[in-house]
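Residues per chain are reported as follows:
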Amino acid sequence: MASAPLLEIQAIAFERDDRTLFSDVSVCLAAGEIMQVSGPNGCGKTTLLHILATLKPPAHGQMLWRGDDIRADRFGYLADIAFIGHQPGLKLALSARENLIWCARLHGLPVSGKIDMALDRAGLSHCKDVPCSTLSAGQLRRVALAVLHLREALLWLLDEPLTALDHEGISELEAMFRSHLGEGGIIVFSSHQALSLAGVRNLPLTEYAASLN
Amino acid sequence: MFGESSFGGILRRDLLLAFRRGSDVLNPLFFFMMTTSLVPLATGPSASQLALIAPGIIWITALLATLLTLDGMFKDDFADGSLFQIILSPQPLWLLVLAKVLAHWLVAGLPITLVAPLLALMLALPDAGYVPMVIGLAIGTACFSMVGAVGAALTVALQRGGVLLSLIVMPLYFPVLIFGASAVHRAVEGQDYYPVLALLGAFFTFALLTAPFAAAAALKVGING
């Protein structure tokens, strides 16, 4: 249990329009740990995930990955993370398969049988080749999550992954989480819903909110 | 060659999307053809008069047609979240921006360049003007795409960034317009047009060396509004 932390978040703060959204967020995550970022709308859950994904720079603080500052080897860190935002990054005019092929090429992965495997595991075997515009919101979410099977990233950063998923989808996602954690992965996700997964650490962002004045 | 790389992946996806949607190719092309066709209707069909203004008309409408398509270069990817995936790909962002720019030129600039001789025929452009016009447009529209990428990147997160985008990009298009149109004029007047095309080429090289880096930096700022 007491393994060295892979991801260390050290005193992260974020300011928007001279207002501090949150400050002094410090967390250490080791292999096999999962953390839920929670809090009401507008408290900065998405912003925190964007900072973790290096899409936004924090106002203060730093992040270490495997003991080194993320900024020192950004590409090395990016190769280890998979980020899925609010908008899943899919082109509706393309099929699920075409979207995944694009994603594989973008990350320099070989376009091979893994695409089919990822789509099958996401429960999309019957709609691999129809345009994504004909899929439902929940199915689109599944296509986005299929990327996780494809990428084999260590750290998953998921912004509201439960959105639009049905009960079956949520329990499948939990199974995915369980196997990823079992393989030594790390998951940081934001959600309002609680998962029926043991050992989820909670990060209530409101506790880090600066007092308004 | 680079089909399996991230560069090729972005290029192929953007071309496939443009092909599926159709409007990405047809909108600028129709705009280019329609506005150019309006000129003889408004100024009268006198061939000598049209020949005089033909180079300017074709260059101005080509510029405006390209400008029309710039707004969506990164904005579509921003809206559906795939821009984040591009930025988070462990590759130099300028290379991926270059793939988007190349796709944009193939979809907007190249068709305009190819259809321009037909419109020049309608505007009674003298024979000597065709070669410098096509060469100039091929280089010039590529400059439009590259310089435009910087403006499109800066305004990516703005709801109504279209006007701002035009204001940012338009002054940078002036040299391309001046050199491009003057190459055709000089050829028509029987003068040597190579030096002017060479200047256009120099502008292209300068844009190629700076615009992808500037656009990549602008994207990282632009995504945060």
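Note: the structure precedes this text.
Rules behind the numbers
Residues numbered from 1 in each chain as written. Chains lettered and ligands numbered in written order. Predicted model: local features only at pLDDT ≥ 70, side-chain atom pairs only at ≥ 80, totals over all residues. Helix = DSSP H or I, 4+ residues; strand = E, 2+ residues; numbered from the N terminus. Rg over C-alpha atoms; globule rule 2.2 N^0.38 Å. Buried ≥ 20, exposed ≤ 12 C-beta atoms within 10 Å, placed from the backbone. Contact = placed C-beta atoms within 7 Å. Pairing = 2+ DSSP bridges. Axes fitted to C-alpha atoms, helices over the stretch in contact; angles between N-to-C directions. Expected span 1.5 Å × (residues − 1). Nonpolar A, V, L, I, M, F, W, Y, C, P; charged D, E, K, R; others polar. Arc of directions from axis to C-beta. Parallel < 35°, antiparallel > 145°, perpendicular 65-115°, else oblique. Left-handed = near helix turned anticlockwise from the far one by under 90°.

Caption draft 1: Inspection of the overall build of chain A at higher detail. The number of helices and strands found in chain A is six helices and nine strands. Taking 213 residues into account, the globule formula puts the C-alpha radius of gyration at 17 Å, and chain A, at 17 Å, falls close to it. A principal-axis box enclosing the C-alpha atoms of chain A has dimensions of 55 × 35 × 35 Å. Out of the 213 residues belonging to chain A, those deemed buried represent 39%. Put simply, of all contacts in chain A between residues at least 6 apart along the chain, 70% involve residues at least 24 apart.

Caption draft 2: Focus on unusual backbone geometry. Residues and elements named next belong to chain A. Residues other than glycine seldom take positive phi values, yet Thr-54 does so here, at roughly 65 degrees. Along the chain, Thr-54 falls in the loop between helix 1 (45–52) and strand 4 (60–65). Look at Thr-54 and you get partly exposed, because 19 C-beta atoms sit within 10 Å. Notably, Glu-160 is not glycine yet its phi reads approximately 50 degrees, a positive angle. With respect to the helices and strands, Glu-160 occurs in the loop between strand 7 (155–159) and helix 6 (167–182).

Caption draft 3: Spatial organisation of the sheet that holds strand 3 (residues 34–38) of chain A. All names here are of chain A. Overall, parallel pairing links the five strands, which are arranged 6-7-8-3-9 in an open sheet. Looking at which strands have only one partner, the edges of the open sheet turn out to be strand 6 (81–84) and strand 9 (200–204). In this sheet, adjacent strand axes meet at a mean angle of 15 degrees when their direction is disregarded. Pairing of strand 7 with strand 8 (residues 186–190) involves five bridges; the strand directions are parallel. Of the residues in strand 8, the one forming a bridge with Asp-159 is Ser-190. Across the sheet, helix 1 lies against strand 3, strand 7 and strand 8, angled at about 150 degrees from strand 8, the strand it touches most.

Caption draft 4: Focus on helix 5 (residues 137–151) of chain A. Over its 15 residues, helix 5 of chain A runs 22 Å from end to end, which matches the ideal 21 Å to within 8%, given 1.5 Å per residue. For helix 5 of chain A, every residue scored as buried is listed here: A:Gln139, A:Arg141, A:Arg142, A:Val143, A:Ala144, A:Leu145, A:Ala146, A:Val147, A:Leu148 and A:Leu150.

Caption draft 5: Main features of the interface of chain B and chain A. In this assembly, 22 residues from chain B lie in contact with 22 residues from chain A. Secondary-structure elements contributing two or more residues to the side of chain B that touches chain A are helix 1 (6–21) and helix 5 (82–87) of chain B. The biggest single contributor to the side of chain B that touches chain A is helix 1 of chain B, with eight residues. Split by residue class, the side of chain B that touches chain A holds eight nonpolar, nine polar and five charged.

Caption draft 6: Structural detail: the environment of A:Gln139. Residue and element names in this part refer to chain A. Within the element layout of this structure, Gln-139 appears in helix 5. Gln-139 sits in the buried class, given 20 other C-beta atoms within 10 Å. The spacing of Gln-139 and Ala-122 is 17 residues in sequence and 9.2 Å in space, taken between C-alpha atoms. The contact partners of Gln-139, leaving out residues within four places of it in the chain, are Leu-124 and Cys-127.

Caption draft 7: The arrangement of helix 6 of chain A in detail. Residues and elements named next belong to chain A. Between its first and last C-alpha atoms helix 6 spans 22 Å; for 16 residues at 1.5 Å apiece the expected length is 22 Å, and the two agree. Buried within helix 6 are the following residues: Leu-173, Phe-177, His-180 and Leu-181. For helix 6, the angular spread of buried residues about the axis comes to 95 degrees, placing them on one side. Turned more than 90 degrees away from the buried face of helix 6, the exposed residues are His-167, Glu-168, Ala-175, Ser-179 and Gly-182. Those residues of helix 6 hidden inside the fold are in contact with strand 3, helix 5, strand 7 and strand 8.

Caption draft 8: Just the environment of B:Ala198, in detail. Residue and element names in this part refer to chain B. Mapping Ala-198 onto the fold places it in helix 9 (residues 194–222). For Ala-198, a count of 12 C-beta atoms within 10 Å puts it in the exposed group. The spacing of Ala-198 and Gly-136 is 62 residues in sequence and 9.7 Å in space, taken between C-alpha atoms.

Caption draft 9: The arrangement of the sheet that holds strand 1 (residues 7–16) of chain A in detail. All names here are of chain A. Spatially, 2-1-4-5 is the arrangement adopted by the four strands of the open sheet, whose pairing is antiparallel. Each end of this open sheet is capped by a strand with a single partner; those strands are strand 2 (19–29) and strand 5 (68–69). Looking at chain direction, strand 1 and strand 2 are connected through seven bridges and run antiparallel. Residue pairing across strands places Arg-16 opposite Arg-19, the latter belonging to strand 2.

Caption draft 10: Inspection of the packing of helix 4 (residues 114–121) of chain A against helix 5 of chain A at higher detail. Residue and element names in this part refer to chain A. Look at helix 4 against helix 5: their axes get within 8 Å of each other, and the N-to-C directions meet at 130 degrees. The pairing of helix 4 with helix 5 is recorded here as oblique in orientation. Along this stretch, helix 4 crosses helix 5, giving a crossing that reads as right-handed. In this structure, helix 4 contributes Lys-114, Ile-115, Met-117, Ala-118, Leu-119 and Arg-121 to the contact, and helix 5 contributes Ala-146, His-149 and Leu-150. Residues that form the contact of helix 4 with helix 5 fall into these classes: six nonpolar, one polar and two charged.

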